[in-house]
Amino acid sequence: MSEVRLITFGELESDPNFSWLTAAYAEESQMVGLPPANCQSDLYRRMEATGTFHVLGAYHGGELIGFLNFIVTVLPHYGAKVATTESIFVAHEFRRTGAGVKLIREMERLAGDMGALGVLVSAPAGKRLADVMPGLKYRQTNQVFFKGLATQ
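Nothing here was measured: the structure is a model prediction, and the numbers come from that model.

Student: What should I look at first to understand the overall build of the protein chain in this one?
Tutor: Scanning the protein chain from terminus to terminus reveals five helices and five strands. Shown N-terminal to C-terminal, the secondary structure of the protein chain runs as helices and strands in the order β-α-α-α-β-β-β-α-β-α. Computed over the C-alpha atoms, the radius of gyration of the protein chain is 15 Å, within 12% of the 15 Å expected from 2.2 N^0.38 for a compact globule of 152 residues. Overall size of the protein chain, expressed as C-alpha extent along the three principal axes, is 40 × 40 × 35 Å. The proportion of buried residues among the 152 residues of the protein chain is 32%. Put simply, 64% of the contacts in the protein chain that link residues at least 6 apart link residues at least 24 apart.

Structure follows, in structure tokens:
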């Protein structure tokens, strides 16, 4: 059975499974036109210190199998606090354990406790997360488009 708990970015980064989990996440979520993933640990720590950045770890048998990073801040356009996923990932072999849903549900609970009025989840086009979200009562509100500006 999987369990989810709030952890610090330092706990996530120092976990023995962090390297392979983030490598698998980077491979799955890579966007054409952006450089390869390059974890900005200092930035995450600074954001965590301001109370805007939060980390959830998913564990199975005491071993880290996934994570969800989210930001809670006021959207200036609405003047309302909203939670936004920065990253969510569960190792492929543990995706049927319910860990991903537990991560999302715990983020919702914590974000609500922090005064967020809602949650925005970014899901890569054509990937499993985009298929799962409607079943969790999320509705598609926007489509995100990207255009690289660097000369290639």
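Student: Before we go on, may I ask you to explain the sheet that holds strand β2 (residues 53-60) in this structure?
Tutor: What holds strands together in a sheet is hydrogen bonding between their backbones, with the strands either parallel or antiparallel. Spatial strand order, β1-β2-β3-β4-β5: five strands in an open sheet with mixed pairing. Every other strand in the sheet has two partners, leaving β1 (2-7) and β5 (119-120) as the edge strands with one partner each. As judged from the two bridges shared by strand β4 (residues 80-90) and β5, these two strands associate in the parallel manner. Bridge pairing in β5 places T84 opposite L120. Packed onto the sheet, helix α3 (residues 41-50) meets β1, β2, β3 (63-75) and β4 and runs at close to 110° relative to β2.

Student: Would you explain the nonpolar core in this entry?
Tutor: A general tendency of soluble globular proteins is for nonpolar side chains to be buried together. Formed by 35 residues in total, the largest nonpolar core has its most connected members in L12, L56, L68, F70, L103, I104 and M107. Broken down by secondary-structure element, the contributors of at least two residues to this core are β1, α1 (9-14), α2 (18-29), β2, β3, β4 and α4 (99-113).

Student: For this particular structure, what's the right way to read α2?
Tutor: Helix length check: α2 (12 residues) gives 16 Å between terminal C-alpha atoms against 16 Å at 1.5 Å per residue, within 8%. The set of residues buried in α2 consists of F18, L21 and A26. Viewed end-on, α2 has its buried residues packed into an arc of 135°, placing them on one side of the element. Of the exposed residues in α2, the ones pointing more than 90 degrees away from its buried face are S19 and E27. At its buried positions, α2 is contacted by α1, β3 and β4.

Student: Help me understand the environment of T8, please; the structure alone is not making it clear to me.
Tutor: Checked against the element boundaries, T8 lands in the loop between β1 and α1. The contact partners of T8, leaving out residues within four places of it in the chain, are E48 and V55.

Student: Help me understand the environment of N69 in this model?
Tutor: The residue N69 is located in strand β3 in this model. In the structure, N69 is positioned 22 residues away from A91 in sequence and 15 Å away in space, judged by C-alpha atoms. Contact partners of N69, with chain neighbours within four places excluded, come to L12, F53, H54, V55, T84, T85, E86 and S87.

Student: Could you clarify how one ought to interpret unusual backbone geometry in this entry?
Tutor: With the exception of glycine, the majority of residues adopt a negative phi angle, and the majority of peptide bonds are in the trans configuration. Phi at K137 takes a positive value of approximately 70°, unusual for a residue other than glycine. Secondary-structure assignment places K137 in the segment after α5 (128-132).

Student: What's the story with the pattern of salt bridges in this structure? I'm lost.
Tutor: Side-chain pairing between opposite charges can occur once the charged atoms of the two side chains come close. All chains considered together, the criterion is met by six salt bridges. Linking R105 and E108 is a salt bridge whose minimum nitrogen-to-oxygen distance equals 3.1 Å. Here R105 and its partner E108 are both found in helix α4, three residues apart, which amounts to about one turn of the helix. For R105, a relative accessible area of 36% gives the class partly exposed. On the basis of relative accessibility, which here comes to 24%, the residue E108 falls in the partly exposed class. Overlapping salt bridges, with partners in common, bring together E106, R109 and D113 in one network.

Definitions and cut-offs
Residues numbered from 1 in each chain as written. Predicted model: local features only at pLDDT ≥ 70, side-chain atom pairs only at ≥ 80, totals over all residues. Heavy atoms only, no water. Helix = DSSP H or I, 4+ residues; strand = E, 2+ residues; numbered from the N terminus. Rg over C-alpha atoms; globule rule 2.2 N^0.38 Å. Buried < 20%, exposed > 50% of the residue type's maximum accessible area, 1.4 Å probe, protein only. Contact = heavy atoms within 4.5 Å. Pairing = 2+ DSSP bridges. Axes fitted to C-alpha atoms, helices over the stretch in contact; angles between N-to-C directions. Core = buried A, V, L, I, M, F, W, Y, C linked by side-chain atoms within 4.5 Å. Expected span 1.5 Å × (residues − 1). Arc of directions from axis to C-beta. Salt bridge = Lys/Arg side-chain N within 4 Å of Asp/Glu carboxyl O.

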